[in-house]
Amino acid sequence: MALGVLARRALKVAAMPASVMTRRRAGDLVVLLYHRVGKGGGEIELPSEVFEDHLAYLGERELVVGLDEALQGGASGGVVVSFDDGYADFAETVVPLLVKHSVPATLYLATGLIGNGGVDGFRSLSWSQLEEAVSTGLVTVGAHTHTHADLSGAGEPVCEEEMRRSKELIEDRLTRPCRHFAYPWAVSSSTADRVARRLFDSAAVGAWRTNRMGRIDPYRLGRTPVLRSDGRMFFRAKVRGLLDGEALFYRAARRGPWRRT
């Protein structure tokens, strides 16, 4: 096992005690954050068999709900599955597994990826693949800006352009409303927040944060990144809200798990 994986798992063990008192309780909502499934060895790239094991576990042990259902008044918590960006593996690998296990998911799409061939060797989705995914009845498509822009320091015109362009492209090409938004890199600002509240019904921003019953702000939704180094034990801990403390280590290092080094 690579030294980096051992180090990350050691950090997870160290983080768990800090989360015991704030573990998920009845009515709380955990929104799992995935990126890619299939090839690749980075932290945000999971083998397909691992992802399928996650879906089987969730289907057997948890209340898995779509994002719209989770945000309805009187919702009873549970687990939401979400993906970011928009790579071809979502259509080729993820959607068939979602269908096999009858698990709904939200894809937050960076619309500029469509038709650009992909990034770093990962092919992007096509609009026809997205249409097929949505036709399953299990996939909701939200916006993730057009260029995967960091909005934390952007002015209002940039925030408006990035959010609105992504939203309108999705609605035009898929002929369905785009109600939800997720901030790239899980960072926001008061300016971006104002724009998101005008354009969407919800916005996801906080990483490693369980959403607490009675205190859920739909425009400050917390999500829990699912990482390659989690393994089965730490994945299940994340579902139970026991690894929110992992965020402390990434903040101290001033970086997220999305980088490959």
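Everything below is about the structure shown above.
So, how was this worked out
- Residues numbered from 1 in each chain as written.
- Predicted model: local features only at pLDDT ≥ 70, side-chain atom pairs only at ≥ 80, totals over all residues.
- Heavy atoms only, no water.
- Helix = DSSP H or I, 4+ residues; strand = E, 2+ residues; numbered from the N terminus.
- Buried < 20%, exposed > 50% of the residue type's maximum accessible area, 1.4 Å probe, protein only.
- Expected span 1.5 Å × (residues − 1).
- Arc of directions from axis to C-beta.
- Phe/Tyr/Trp six-rings, centres within 6.5 Å; stacked < 30°, edge-to-face > 60°.
- Pairing = 2+ DSSP bridges.

Further remarks concern the environment of Lys100. Here Lys100 is to be found in helix α4 (residues 88–101). On the accessibility criterion, Lys100 (58% relative accessible area) is exposed.

For the rest of this paragraph, the subject is helix α2 (residues 48–61). Across its 14 residues, α2 extends 20 Å between first and last C-alpha, which sits within 8% of the 20 Å expected from 1.5 Å per residue. Here α2 has its buried residues at Phe51, His54, Leu55, Tyr57 and Leu58. End-on, the buried residues of α2 take up no more than an arc of 165°, which puts them together on one face. Along α2, exposed side chains directed more than 90 degrees from the buried face belong to Glu49, Gly59 and Glu60.

Under the defined criterion, the tally for this structure stands at eight aromatic pairs. Considering the side-chain rings of Tyr34 and Phe51, the 5.1 Å spacing of their centres and the 80° angle between planes classify their relative orientation as edge-to-face. Within this pair, whereas Tyr34 is found in strand β1 (residues 29–34), its partner Phe51 is found in helix α2, the two being separated by 17 residues in sequence. Residue Tyr34 shares its accessibility class with Phe51, and that shared class is buried. Seen in terms of ring centroids, Phe51 and Phe83 are 5.5 Å apart; in terms of plane orientation they differ by 80°. Their pairing is edge-to-face. Note that Phe51 is positioned in helix α2 and Phe83 in strand β4 (residues 78–85), a separation of 32 residues in sequence. In this structure, Phe51 and Phe83 share a single accessibility class: buried.

The next thing to look at is unusual backbone geometry. In this structure, Thr145 takes a positive phi of about 70° despite not being glycine. Of note in the backbone geometry, His148 takes a positive phi value of approximately 60° without being a glycine. Residue position: His148 is located in the loop between β6 (139–143) and α6 (156–174).

Burial within strand β5 (residues 105–109) is extensive, with five of its five residues counted as buried. Neither face of β5 is open: one carries Ala105, Leu107 and Leu109, the other Thr106 and Tyr108, and all of them are buried. Bridging between β4 and β5 involves four bridges; their strand directions are parallel. Within the sheet, the bridge partner assigned to Asp85 lies in β5 and is Leu109.

Shape is all these values report; function is a separate question.
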